[in-house]
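Next come the chains, spelled out residue by residue.
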Amino acid sequence: MKELNTEIACVRLGSVYVVPVTSPEIAMEFLRQNDAVMASRPITVTTSMFSDGFLTAVVAPWGKQWKKMRKVLTHEILNPTRLEWLRSKRKEEADNLLQVVNNICKSGSVVDVRLVSRHFTGNILRRMMFNKRYYRQGREDGGPCVEEQEHIKALFTVLLYVYALCVSDYLPILKPLDLDGHEKTVRNALNVIKKYEDPIINERVEMWKEGKRTEPEDLLDVFISVKDDNGKPLLSVAEIKAQITELFLATLDNPSNIAEWALAEMLNQPEQLQKAVEELDRVVGKERLVEESDIPNLSYVVACARESLRLHPIAPFNLPHVAKEDLTVAGYFIPKGSQVLLSRLGLGRNPRVWEDPLRFNPERHFKDNSHELGLAEPGLRFISFTRGRRGCMGGTLGTLITVMLFARLLQGFTWRIPPELEKIDLKENDRLFLAKPLHVYAEPRLPAHLYPA
Ligand code: HEM
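Not measured: the values here are computed from a predicted model.

Reading guide: rules and limits
Residues numbered from 1 in each chain as written. Predicted model: local features only at pLDDT ≥ 70, side-chain atom pairs only at ≥ 80, totals over all residues. Heavy atoms only, no water. Helix = DSSP H or I, 4+ residues; strand = E, 2+ residues; numbered from the N terminus. Rg over C-alpha atoms; globule rule 2.2 N^0.38 Å. Buried < 20%, exposed > 50% of the residue type's maximum accessible area, 1.4 Å probe, protein only. Contact = heavy atoms within 4.5 Å. Areas by Shrake-Rupley, 256 points an atom, 1.4 Å probe, with all protein chains shown as cover. Lys, Arg positive; Asp, Glu negative; His and termini not counted. Charge placed at Lys NZ, Arg CZ, Asp CG, Glu CD. Donors = N, O, S within 2.8 Å, 3.2 Å for Na, K, Ca; no water. Pairing = 2+ DSSP bridges. Axes fitted to C-alpha atoms, helices over the stretch in contact; angles between N-to-C directions. UniProt positions renumbered as here; feature names shortened; annotations may be inferred. Core = buried A, V, L, I, M, F, W, Y, C linked by side-chain atoms within 4.5 Å. Near = heavy atom within 4 Å. Polar contact = N/O pair within 3.5 Å; in protein donor to acceptor, adjacent residues only side chain to side chain. Nonpolar A, V, L, I, M, F, W, Y, C, P; charged D, E, K, R; others polar. Parallel < 35°, antiparallel > 145°, perpendicular 65-115°, else oblique. Left-handed = near helix turned anticlockwise from the far one by under 90°. pLDDT = per-residue confidence, 0-100.

(A) View of the overall build of the protein chain. Along the backbone of the protein chain there are 16 helices and nine strands. For 453 residues, the compact-globule estimate of 2.2 N^0.38 gives 22 Å, and the C-alpha radius of gyration of the protein chain, at 22 Å, lies within 12% of that figure. Each principal axis of the C-alpha atoms in the protein chain carries an extent, and together these give about 65 × 60 × 40 Å. Relative to its full complement of 453 residues, the protein chain shows a buried share of 57%. Taking as baseline every contact in the protein chain between residues at least 6 positions apart, the subset at least 24 positions apart corresponds to 72%. When the accessible area of the protein chain is evaluated, it comes to approximately 19900 Å², of which 53% is carbon and sulfur surface. Within the protein chain, the 60 negative side-chain charges are centred at a point lying 3 Å from the centre of the 61 positive side-chain charges.

If you want it as structure tokens, here you go:
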């Protein structure tokens, strides 16, 4: 597209027209003016597998099932009252994060920021869903055991295959051959995921049936206790299982990727790191830990996370939107069934929109006051939560998890590049992650009594 000097293209894969877009104006034409028409998703091997035949909200094509699940998530799971109800569980895991990193500091080892960040997000999800951090006994130092590591690894494996180019998605006749092996890899990973999640869900469903549980204590209880108009359970066990796995997938990758990239970039530009820490000291001080309620006052810290999301997306494209009808956009005819891919890289690094686009520069968001949007970017100049009917439903929760992770790491510790390195190597791999996971030294910077034992 760069060579052709175009911000919209069309590639035919099998019988499907795939339309990549790198212009925010054209992206807005799709998701604002034509949002209702663009509100479906493609049928693919991987998404069909983890959603148990499209029982869930994120990947289901437009239709009754998608509307049902989206309504449950909006009204029961992600509404502000529910998020407030879950606040103490998130706080417990934010405290655990400090304990884990502090214990690594005491041992004199480098901190694997990717590992710590992924487990923080996984812990929050497990705590909110199942009211637990550990599948079995757990560890005294607060770190993940083999079971949690296996669960998170399997979820990341599935994430790598969600909407990855799979030949049988475009030539369905080849599906039984599984030529690129996606089906096998995803099935193996899903077996691991289900090994941990399903027994908890089955046991809890029984508890409700037997009257051993009558009041919700976590999101699994909420899913089980939602009723239809006749007072019967609204969701089947299959729907609950698939939706819970999908919410793990929807939440897991962004917060850890944002925090790891932001810290890596800022270690190479120490004046930015200093500015963020100074903001935390000014707003929160050093006599208490940063909390979710501080976030509205942490505009520089939030701008750093926002900049990380712009420059270092977790995937090259947004989730595909499928046209339900023929339409015309930017003067081009887009036939029904086309898949529109808003390019995360093309938008976030578009030199027409962003000055010096490859430079990590949080200050740019203050020039146009877009820092006030937090992590959201409804103008689609980069992809965060997008907008419209298929826009992200977890923007508030995603922001809370991401900013708390990043702010706790910055407030709690002084970060140092290992002495044998001059700078952090900011090379990205073909999946857009930092090619070498960020391994750096940390030192506690708050009074000792603030670090949970
Ligand atoms: C920083 C964190 C997050 C980011 C950057 C993010 C980003 C996105 C994006 C780009 C989409 C696709 C939008 C589109 O198709 O145009 C999406 C969809 C979605 N996200 Fe998030 N997300 C985050 C966290 C979460 C969390 C915490 C949840 C819920 C627990 C969540 C739930 C969903 C759902 C349900 C959809 C599908 C909506 C639909 O298709 O109807 N997300 N998210």
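The rest of the description comes next.
(B) Representation of the coordination of the iron atom of the ligand within the structure. No other protein atom reaches the iron atom of the ligand as a donor apart from Cys392 (SG), found 2.3 Å away. Positionally, Cys392 belongs in the loop between α15 (364-367) and α16 (395-412).

(C) Focus on the sheet that holds strand β7 (residues 339-342). Read from one edge to the other, the open sheet built from four strands follows the order β1-β2-β7-β4, with strand pairing classed as mixed. Single-partner strands in this sheet number two, and they are β1 (11-13) and β4 (321-322). Helix-sheet contacts for helix α1 (residues 24-33) involve β2 (16-21), β4 and β7, and the interaxial angle to β2 is about 125 degrees.

(D) Quick peek at the UniProt feature "binding site: heme" (unreviewed entry) in the protein chain. The UniProt record marks Cys392 with the feature "binding site: heme" (unreviewed entry), using the residue numbering of this structure. Look at Cys392 and you get partly exposed, because its relative accessible area is 43%. If we skip the residues at most four places from it in the chain, Cys392 touches Phe385 and Thr386.

(E) A look at the nonpolar core. Counting residues in hydrophobic clusters, the biggest one holds 107 residues, and the most contacted among them are Ile77, Val101, Phe130, Val158, Phe223, Ile244 and Trp415. No other element matches the 13 residues that helix α11 (residues 237-268) contributes to this core. Not counting the four nearest positions on each side in its chain, Phe130 is found in contact with Leu125, Tyr135, Glu197, Ile200, Ile201, Arg204, Asp218, Leu220, Ile244 and Phe248. Counting residues in each nonpolar core, the second largest holds 18 residues, with Ala27, Met28, Leu380 and Ile383 among its members.

(F) Structural view of the environment of Glu92. Residue placement: Glu92 occurs in helix α5 (residues 87-107). In this structure, the C-alpha to C-alpha distance between Glu92 and Arg133, residues 41 residues apart in sequence, is 9.9 Å. In this view, Glu92 contacts Arg127 and Arg133; residues no more than four positions away in its chain are not counted.

(G) Seen up close, the site of the ligand. The environment of the ligand is made up of 27 residues, and the closest members are Arg70, His321, Thr386, Arg390 and Cys392. At 3.4 Å from an oxygen atom of the ligand is found a main-chain nitrogen or oxygen belonging to Val58. In this structure, an oxygen atom belonging to the ligand sits 2.7 Å away from a side-chain N or O atom of Arg70. Among the elements of the structure, α3 (64-77), α11 and α16 are those that each provide at least two residues to the shell around the ligand. When residues in the shell around the ligand are grouped by element, the largest group, four residues, is from α11. A class-by-class count of the residues in the shell around the ligand yields 13 nonpolar, ten polar and four charged.

(H) Looking closely at the packing of helix α6 (residues 113-130) against α16. Between α6 and α16, the least distance of the axes is 11 Å, while the angle of their chain directions is 135 degrees. Classified by the angle between their axes, α6 and α16 sit oblique to one another. For the element pair α6 and α16, the recorded crossing hand is right-handed. Residues Val113, Ser117, Phe120, Thr121, Ile124 and Met128 of α6 form the contact with α16, whose participating residues are Leu397, Ile401, Leu405 and Leu409.

(I) Quick peek at the confidence of the model for the protein chain. Mean pLDDT over the protein chain stands at 97; residues scoring 70 or higher make up 100%. At the level of chain-chain contacts, confidence expressed as ipTM amounts to 0.99, with global pTM at 0.97.

(J) Geometry of the pairing of strand β9 (residues 439-444). By the bridge criterion, two bridges tie strand β3 (residues 111-112) to β9 in an arrangement that is antiparallel. Directly across from Asp112, in β9, lies its bridge partner His439. As defined by bridge partners, strand β8 (residues 413-416) adjoins β9 across four bridges and the pair is classed as antiparallel. The partner of Thr414 across the bridge, within β9, is Glu443.

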